[in-house]
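Survey of secondary and tertiary structure
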Amino acid sequence: MPTLRIRTSACAALAVAALAAGTVLTAPAAGAAPRAATPTFLSASQLPPHPTSSWTAGPVTEGFPEALGTCVSTEGVLDYDYRHREFRTDLDTGAVQLTVVTDTAAHAKALAKHYDDLIRTCADRIEQSSPDVEAEGRDYGKLAVEEGARVRGLHTETSWGANDIALLSVGRDNRTVTVVKWGQMGDFDDAPVAAFKKTTVTAVNKLY
């Protein structure tokens with residue numbers, strides 16, 4: 001699936017910046033959080049419709065997806081139960097969903113805020129780490145679903161002509177947090193915001 005075209009050095013700088021921003025949920029000496037019920041993922045048909053190509057869903061996989069690494073990471077948080085599913089079309093559009101099962105609703109609330117803060121500040125961190133990239137973020141607002149969700153957009157354009165648009169959302173149902181990302185080449189005019197909001201609501205409602 002397409003990802004933001006940030007140089008390797010820029011990605012490394014972003015990781016450092018995310019860590020420097022604060023380790024909001026440091027892991028306790030006892031180790032990883034206990035496992036809970038397994039959440040359900042989106043299906044291909046529940047992604048924003050592509051005008052010329054159908055979506056294909058990959059398998060549900062253990063671990064944190066690299067596709068979220070530009071804006072969202074595991075730095076400074078507990079060793080939670082991370083699972084993800086990637087989606088693709090035959091063209092330039094892709095998506096990914098992450099689910100994180102925490103040990104308490106309070107930790108899930110803090111983690112959802114942490115992820116949303118990372119997405120909110122992602123454009124600034126990209127520009128600070130790479131002078132060859134212009135980035136802009138937009139806030140598309142909150143969604144009334146379970147314990148809440150929020151949708152944001154991110155556009156990047158490089159000095160060598162790469163132009164990418166992404167929509168990202170963070171939602172929570174009790175102790176579980178989900179992050180959904182949609183991306184393709186283009187700008188804000190190409191972003192299916194209304195359809196992505198519907199996808200986000202479905203993702204949160206479908207967790208359990």
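Residues numbered from 1 in each chain as written. Predicted model: local features only at pLDDT ≥ 70, side-chain atom pairs only at ≥ 80, totals over all residues. Heavy atoms only, no water.

1. Quick look at the confidence of the model for the protein chain
For the protein chain, the average pLDDT comes to 86, and 83% of its residues sit at 70 or higher. Contacts from residues 26–34, a stretch scored under 50 in pLDDT, to residues over four places away or in other chains number nine contacts. (pLDDT = per-residue confidence, 0-100. Contact = heavy atoms within 4.5 Å.)

2. Regarding the environment of Val170
For Val170, the position within the fold is in strand β7 (residues 163–173). Residue classification places Val170 among the buried residues on the basis of a relative accessible area of 5%. Remark: the alpha-carbon pair of Val170 and His114, spanning 56 residues in sequence, is separated by 9.8 Å. (Helix = DSSP H or I, 4+ residues; strand = E, 2+ residues; numbered from the N terminus. Buried < 20%, exposed > 50% of the residue type's maximum accessible area, 1.4 Å probe, protein only.)

3. Details of the state of the cysteines
Under the definition given, this model contains one disulfide. Between Cys71 and Cys122 runs a disulfide, and the two sulfur atoms are separated by 2.0 Å. Because the torsion about its S-S bond is -85 degrees, the bridge between Cys71 and Cys122 counts as left-handed. Residue Cys71 is found in the loop between β2 (61–62) and β3 (81–88), and its partner Cys122 is found in helix α3 (residues 122–129); the two are separated by 51 residues along the sequence. (Disulfide = S-S within 2.5 Å.)

4. Things to note about the side chain of Thr200
When you line up the elements, Thr200 lands in helix α4 (residues 193–206). Discounting chain neighbours no more than four positions away, the residues touching Thr200 are Leu143, Ala149, Val151 and Ser169.

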